[in-house]
Amino acid sequence: MDKISNKYAVVGVGEYERSRKSGTTPLQMALVAARNALQDAGLEASDIDGIMNYSTGGDSCTSHEVATYLGARPKYVKDISGGGSSTEMLIGDAIGMIDAGLLNTVLIYRSMNGASGQLVGRGYDPNMLQNALPGGSFIIPYGSASPSQWFGIFATRHMHQTGLTKEHLGQVCIDFYEHAQRNPKAHLNGKTLTMEEYLNTPDISSPFNIHDCCLELDEANAIIVTSADRAKDCKSRPVYIMGITPRETHPHAHYWSDLDQVAADHVAPALYQSAGVKPEDIQVAAIYDCFSWVVLRQLEAYGLAPRGEVGDFVAAGNLKMGGKLPTNTAGGMLAEGYTHGMNNVLEIVRQLRHEYKGSDRQVEDCEIGICTGWSGPDLAGAMILGN
Amino acid sequence: MTIQTKYEKPIPLKNEDNRPYWDAADRHELEVQKCNDCKSYLHPPGPACPKCGSAAVEWENLGSDIKATLSSYVISYRPFLPGFQNDLPTIIAQAALDDKPDVRILCNLLECKPEDVKIGMPVQMTWQDITEERALPQWKPTD
Ligand SMILES: [Zn+2]
């Protein structure tokens, strides 16, 4: 086990209501999410001495602004450009700084008007994209500028190699939509999905149709991380970080040069070693789900389903509540909301606290959960949490 | 192939890392990068070898008769960039060169119906003249 194992904990989580039109700014939403996380932890703003956030193309507000209007006076603020796996990376950074004695308690947030404001991957100048993306001149002239297309190329090959079918992708969507029906805060609460409806929906980028793609919403999430010692003084039940691999990379910056490997493949060995557990010990999962297929590929990468048999694993109902590995139990990014992975972390924390005890949302007696981040095939991070 | 007078799609931008590739494309030839230290062929090209880090990379001209095998594809039913709205669905396909399978190149697959695309199908490179000076490598099914 790693030297940081179980020495740090998530003590507070909070969010701002999800919608297609917030009618307010990312700063306002971030403040509400942060205050909710503070209240959840039973902490005051003055207890926070580090604030970190990630944004995509300036779609958020700065940590310094949040500190100011929260009434905190942190020693340290950090704003990074990021997306998937940035939650895990910033939690790793926070742990490192607390471990070094530089900070005590860190607030991490993600706030974006992802539906009504600036949209990810739309409205960019093609020449800017050619320069900004690694190997941009080799994809942009071919009309390839959307993650749905990039991941579609990976998915097609993976399906060819392993016999995964469109029905297997659909099963992921159907299971997560079903979980959203148990979660009043899920954006798609009230909207169910059958296999027939799924298969009758035309593709956007094969093999993906609209149900395979995450929701783009206006929302904010916040997390508070501190040491296990300080966690004892908090109001909430601490959820300990058993192990973490904050971020790993694909070997090649032009990751589409090799469609057979993804960064998540490189995360798992170090992750399980740091946590001192095996894949079969995991009882509840939050798997980054910007697209249905990335869930299947990650279940293989993290050893949660055997390579080549993940389709059977999913078809057997293992991702459902009551299944072998209940996954994205709040609906995930396909059906609850999308803040580049942070909402999935909130859910794992709440499951491990047994916050839903007595309702059909609680994964009974779960003690160990995994949370993964995926920033495309190029970057990945993950952590294992325990109560 | 006819020269189009008005090309609305993005045109490949040449820079220090990719210029020989696109210059060769304009002449309807394929040039790929090779590492003199570990002897790998590299694509997309870059400032050094991604396998061993060596800066001793050079270019090799593979000529105009390029045969390859399709390794994966996506069929795009929505335009995500200007110019693509008129030829949907667009097939974006990666193929591995038959002589140098490490080199896998992403192009559109032309002259092929979406229902006929298959991983493993033989393809060959063709060059689409997009302006008077520029040409874009593309795949088409082998005759
Ligand atoms: Zn080399």
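The residue numbers shown here count from 1 along each chain, following its written sequence. Chain letters start at A and ligand numbers start at 1, both assigned in the order the entries are written. Residue-level local features of this predicted model are given only where pLDDT is at least 70; pairs of side-chain atoms are given and counted only at 80 or more, and the full residue set underlies all totals for whole chains, interfaces and linings. No hydrogens and no water enter the side-chain calculation; it runs on all heavy atoms of the structure.

Novice: Sorry if this is basic, but what is going on with the sheet that holds strand β11 (residues 379-386) of chain A here?
Specialist: Hydrogen bonding along the main chain pairs the strands of a sheet, whether they run parallel or antiparallel. Residues and elements named next belong to chain A. At least two bridges found by DSSP between two strands are what make those strands a pair. Numbering of helices and strands runs from the N terminus, with a helix taken as a DSSP run of H or I at least four residues long and a strand as a DSSP run of E at least two residues long. Taken in spatial order, the nine strands make up an open sheet running β3-β2-β4-β7-β1-β8-β11-β10-β9, and their pairing is mixed. Of all the strands in the sheet, the pair left with one neighbour each is β3 (76-81) and β9 (284-286). Across the sheet, the mean angle separating the axes of adjacent strands is 20° when strand polarity is ignored. With four bridges connecting them, strand β2 (residues 50-55) and strand β4 (residues 105-113) associate as parallel partners. Across the sheet, residue N53 finds its bridge partner in β4, namely Y109. Residue contacts are defined here by distance: any two heavy atoms, one from each residue, within 4.5 Å place the two residues in contact. To obtain an axis, a line is fitted to C-alpha atoms, over the contacting stretch when the element is a helix, and the angle between two such axes runs from 0 to 180 degrees between their N-to-C directions. In this fold helix α1 (residues 26-41) packs onto β1 (8-19), β4 and β7 (218-227), with an angle of close to 140° to the strand it touches most, β1.

Novice: Before we go on, may I ask you to explain the interface of chain A and chain B in this structure?
Specialist: Interface extent is often summarised as the accessible area lost during association of the parts. Taken together, the 32 residues of chain A in the interface contact 35 residues of chain B. Summed over both partners, the interface of chain A with chain B comes to about 3000 Å²; 65% of that surface belongs to carbon and sulfur atoms. The largest contributions to the chain A side of the interface with chain B come from A:F138, A:Y142 and A:I204, which together make up 26% of the buried area. B:R104 is the partner of A:D258 in a salt bridge, and the nearest nitrogen-oxygen pair spans 4.0 Å. Buried area adds together the accessible area that both of two parts lose upon being put together, with accessible area traced by a 1.4 Å probe. Salt bridges are defined by distance alone: a side-chain nitrogen of Lys or Arg within 4 Å of a carboxyl oxygen of Asp or Glu.

Novice: Whenever I open this one, the sheet that holds strand β2 (residues 41-42) of chain B confuses me. Can you help?
Specialist: All names here are of chain B. Taken together, three strands build an open sheet; the order of strands is β2-β1-β3 and the sheet is antiparallel. Each edge of the sheet is formed by a strand with only one pairing partner; in this case those strands are β2 and β3 (57-63). Across six bridges, strand β1 (residues 30-35) lies against β3 in antiparallel orientation. Across the sheet, E31 pairs through a bridge with N61, a residue of β3. Against the sheet, helix α1 (residues 19-26) touches β1 and β3, its axis set at about 155° to β1.

Novice: Can you walk me through the pairing of β1(B) in this structure?
Specialist: Each regular strand shows side chains that alternate between the opposite faces of the sheet. Residues and elements named next belong to chain B. Most of β1 sits inside the fold, with six of its six residues counted as buried. Pairing geometry for β1 and β2, over two bridges, is antiparallel. When the sheet's bridge partners are listed, K34 is paired in β2 with Y41. What sits between the antiparallel neighbours β1 and β2 is a turn of five residues, in which K39 has the positive phi angle 65°. With a 1.4 Å probe rolled over the protein chains alone, any residue whose accessible area is under 20% of its type maximum counts as buried; one over 50% counts as exposed, and the rest are partly exposed.

Novice: Explain the confidence of the model for chain B here, please?
Specialist: Low pLDDT marks regions whose predicted coordinates should not be analysed in detail. With 97% of its residues at a pLDDT of 70 or more, chain B has an overall mean of 95. Interface confidence in the predicted complex, given as ipTM, is 0.96; pTM for the same model is 0.96. One confidence number per residue, pLDDT, is output by the predictor and ranges from 0 to 100.

Novice: Would you mind showing me how to read the packing of aromatic side chains here?
Specialist: The geometry of an aromatic ring pair is captured by two quantities: the separation of the ring centres and the angle between the planes. Two aromatic rings, drawn from Phe, Tyr or Trp (for Trp, its six-membered ring), form a pair once their centres lie within 6.5 Å of each other, and the interplanar angle then sorts them: stacked below 30 degrees, edge-to-face above 60, tilted otherwise. Under the defined criterion, the tally for this structure stands at eleven aromatic pairs over all chains. Ring geometry for A:Y255 versus A:W256: centroids 4.9 Å apart, planes at 75°, classification edge-to-face. The burial state of A:Y255 is the same as that of A:W256; both residues are buried. Ring geometry for A:W293 against A:W374: centres 5.9 Å apart, planes inclined by 80°, an arrangement best described as edge-to-face. One end of the pair, A:W293, is in helix α10 (residues 292-301); the other, A:W374, is in strand β10 (residues 368-374), and 81 residues separate them in sequence. Each member of the pair, A:W293 as well as A:W374, is classed as buried. Through successive ring pairs, a cluster of aromatic residues spans A:W150, A:F151, A:F154, A:F208, A:Y255, A:W256, A:F291, A:W293 and A:W374. Here B:K9 stacks its cationic end above the ring of B:F84, 4.8 Å away from the centre of that ring. Think of it as a cone above the ring: NZ of Lys or CZ of Arg counts as a charge over the ring if it is within 6 Å of the ring centre and within 35 degrees of the ring normal.

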